[in-house]
Amino acid sequence: MSINVRFAPSPTGYLHIGGARTALFNYLFAKHNKGNFLVRIEDTDKARSTQEAVNAIKQGLDWLGLSPDSEYIFQSDNIEKHKEVVKKLLDSGKAYYCYTTPEELSQMREEAQKQGIQFKYPHIWRDSKETPPKDVKPVVRIKLPKTGETVINDLVQGQVTVANEQLDDFILLRSDGSPTYMLSVVVDDIDMNISHIIRGDDHLNNAFRQYHLFKAIGVDIPKFAHIPLIYGEDGKKLSKRHGALGVEQYQKMGYLADALKNYLCRLGWSHGDNEIFTQQQAIEWFDLKNVGKSPSRMDFKKLENLNASYIKQMDNQELLNIIIPMFGKIDDIAIKRIEKGIDSIKSRATTVNDFTTLCDFYVNRPSFPLSDEKTQKLIKQNSPDILENVANVIKDIDEWSEQNIENTIKLFIEKNNFKFAEVAQPIRATISGTTKSPGIFEIINILGKQETIERLTKLSKNKTDS
RNA sequence: GUCUCCUUCGUCUAGCGGUUAGGACGCCGCCCUUUCACGGCGGAAACAGGGGUUCAAUUCCCCUAGGAGAUGCCA
């Protein structure tokens, strides 16, 4: 039997983090089992579906590297097929027309709520011999067993049983003749030859209904795996406030696709003590058995940590390809500097956005007074003079190297009986404009003699100017 | 309300009858250090509660509490 899974988002918004993880688990499962990962856009609700959302989902999956193994499938393309199935069900007596109106239904629902019982469509038209009212357009309902129980062996949740009394004769076709989600999903899953349905926990209840639809149609029932949802940091349902952002937002915030994937992968799934691993390893290791049953919370701190670690490991050229365009206008000299200094920036950045701020001083000269107060405080009364003297000794370095720069400056400090910090800190402040910089000898070396001298003497010049 | 599911450090989790309950993030301390980081070392921190079953329960069963989802002519 071939393994086929699908990720089935409805295009009513961006691809949020929970959806991304569902897609990821489907993907990993497919690849692990040498099966196919398919994506079906559930756009039967025309009113709420948008093209932008479709694009956002595609781009999101693309960015994450979770592209499907076949073309995207649109549920709305199969509406005729969905209807055909209902016709057959009607013909074989497994479904029936129901003339109860939405108004009547909601009245009954209210009544049930008052009595504290679960509302269930009371089979009015199921076996009715009455002549249907002419002015009511009927819906089509499926006949579900009234007694007994339904058991699903969920690959994540284990054996889940529900009493059939709880199950409703749910609607297959609306009164306007359009198929409902419940119908479309099942027909499409059959059509796509889906072997495993891996989706969010919120669909577990639907699984029982769909189970009977599969049976009524007369096909093998796919395996189900309902993965727990992701909550916000406060344990509440994910909202925009805490992370239910589109994946493109994470991209904008400077997270790496691989880091986000690694993070998502570890949310609700584990492989022993492994925390950081490649996608290839994830594919090798992935097993639904190791998906936990309990919901998990979004933890940005951990994501950040993971992202930082991915940046550290990342290939320099690859990283540059992301960083450089983020500057917009940038000249070759600045690019060269960043290339040279990239390694020590790496250990300081948690996101790629961070990265650009951290190496901004390679691109732009700091302007005085420094915007960062802390850094400005490093510049003392005597700093301009010291810096000018430093500039003077630097000027005489013949062989420009980090080592020679260090030797020269240290000698200068020694000769004048300065404290190291007294000299080093103002240097850092004036040439980098920040307290979060790599070692000063490194950045002086990268900046070059001329540039360093100009930056160092800026202060004393300002002084004489004023 | 009813149904279904869930419950190990603050968070993500390992554990699958006998462990000093392990790891990771975060937090704290120390070391390294010219800043900020990286790194290294160490620390505090958990089996929701109550009953069973068993020689032995974090692990199996039941109850309670708490949380979540579902209960649509939405998906």
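Residues numbered from 1 in each chain as written. Chains lettered and ligands numbered in written order. Predicted model: local features only at pLDDT ≥ 70, side-chain atom pairs only at ≥ 80, totals over all residues. Heavy atoms only, no water.

**Quick look at the packing of aromatic side chains**
To be explicit about the condition: Pairing of aromatic rings covers Phe, Tyr and Trp, the last through its six-membered ring, and needs centres within 6.5 Å; plane angles under 30 degrees mean stacked, over 60 mean edge-to-face, and all others mean tilted. A simple rule labels every residue: compare its accessible area, found with a 1.4 Å probe on the protein chains alone, to the largest value its type can have, and call it buried under 20%, exposed over 50%, or partly exposed in between. Charge-over-ring contacts are defined here by two conditions on Lys NZ or Arg CZ: a distance within 6 Å of the ring centre and an angle within 35 degrees of the ring normal.
The final tally for this structure, using the stated rule, is eleven aromatic pairs. Seen in terms of ring centroids, W269 and F277 are 5.9 Å apart; in terms of plane orientation they differ by 80 degrees. Their pairing is edge-to-face. Note on accessibility: W269 and F277 belong to one class, buried. Arranged with centres 5.6 Å apart and planes meeting at 75 degrees, the rings of F277 and W285 form a pair that is edge-to-face. By the ring-pair criterion, three or more aromatic residues cluster together here, those being F25, W269, F277, W285 and F286. One Lys or Arg, K58, reaches over the ring of Y72 and ends 5.0 Å from the middle of that ring. In this arrangement the basic side chain of R141 is found over the ring face of Y121, its NZ or CZ atom lying 3.7 Å from the centre.

**Considerations on the confidence of the model for chain A**
To keep things clear, this is the line we draw: How sure the predictor is of each residue is captured by pLDDT, a score from 0 to 100.
For chain A, mean pLDDT is 91; residues scoring 70 or higher make up 97% of the total. Interface predicted TM-score (ipTM) for the complex: 0.94; the corresponding pTM is 0.93.

**Thoughts on the packing of helix α17 (residues 402-416) against helix α18 (residues 420-432)**
Where we set the bar: Axis angles are defined between N-to-C directions and span 0 to 180 degrees, where every axis is a line fitted to C-alpha atoms and, for a helix, only to the segment in contact. The helix count covers DSSP runs of H or I at least four residues long, the strand count covers runs of E at least two residues long, and both are numbered beginning at the N terminus. Note that the term roughly parallel is reserved for angles under 35 degrees, roughly antiparallel for angles over 145, roughly perpendicular for angles of 65 to 115, and oblique for everything else. By the definition used in this description, the sense in which the near helix is turned from the far one sets the handedness, with an anticlockwise turn below a right angle giving left-handed and a clockwise turn giving right-handed. Contact between two residues is taken to exist if any of their heavy atoms lie within 4.5 Å; hydrogens are not considered. Asp, Glu, Lys and Arg are counted as charged, while Ala, Val, Leu, Ile, Met, Phe, Trp, Tyr, Cys and Pro are counted as nonpolar; the rest, among them Gly, fall into the polar class.
Between α17 and α18, the least distance of the axes is 9 Å, while the angle of their chain directions is 135 degrees. Put simply, α17 runs oblique to α18. In terms of crossing hand, the pair formed by α17 and α18 is right-handed. Here I409, K410, F412 and I413 of α17 lie close against α18, whose contacting residues are F420, V423 and I427. When grouped by side-chain class, the residues that make up the contact of α17 with α18 number six nonpolar, no polar and one charged.

**A look at the pairing of strand β7 (residues 158-163)**
The line we're drawing: A pair of strands is treated as paired once DSSP finds two or more bridges between them.
Where strand β6 (residues 149-154) lies against β7, six bridges are found, and the strand directions are antiparallel. The residue of β7 that forms the bridge with D154 is G158. Between the end of β6 and the start of β7, which pair antiparallel, lie three residues.

**Details of the environment of I17**
Structurally, I17 is set in helix α1 (residues 17-32). Among the residues examined, I17 registers a relative accessible area of 0% and is labelled buried. Sequence-wise, I17 and Q75 are 58 residues apart; in three dimensions their C-alpha atoms are separated by 22 Å.

**Topic: the pairing of strand β2 (residues 36-41)**
Quick reminder of the rule: Whether a crossover is right-handed comes down to one check: with the strands pointing away from the viewer, does the path from the first strand over the helix to the second run clockwise; if it does, it is right-handed.
By the criterion of burial, β2 is predominantly enclosed, with five of the six residues buried. With four bridges connecting them, strand β1 (residues 4-7) and β2 associate as parallel partners. Within β2, the position partnered with F7 by the bridge is V39. Each parallel crossover has a hand, and for β1 linked through α1 to β2 it is right-handed. Where β2 meets strand β3 (residues 73-74), two bridges bridge the pair, whose relative direction is parallel. From the neighbouring strand, R40 faces β3, where its bridge partner is I73. In this view, the connection linking β2 to its parallel neighbour β3 by way of helix α2 (residues 51-64) has right-handed handedness.

**Structural notes on helix α3 (residues 79-91)**
What counts here: For a helix, the expected span equals 1.5 Å multiplied by the residue count minus one. Here the arc refers to the directions that run from the helix axis out to each C-beta atom.
Between the first and last C-alpha of α3 there are 19 Å, a value that for 13 residues agrees with the 18 Å anticipated at 1.5 Å per step. Of the positions making up α3, those classed as buried are H82, V85, V86, L89 and L90. Seen end-on, α3 carries its buried residues on one side only, within an arc spanning 140 degrees. Seen from the buried face of α3, the exposed residues on the opposite side, beyond 90 degrees, are E80, K87, K88 and D91. Buried residues belonging to α3 abut β4 (95-98), β5 (139-142), β8 (171-173), α5 (181-191) and α6 (204-217). One or two steps after α3, the chain reaches G93, where phi turns positive at roughly 75 degrees.

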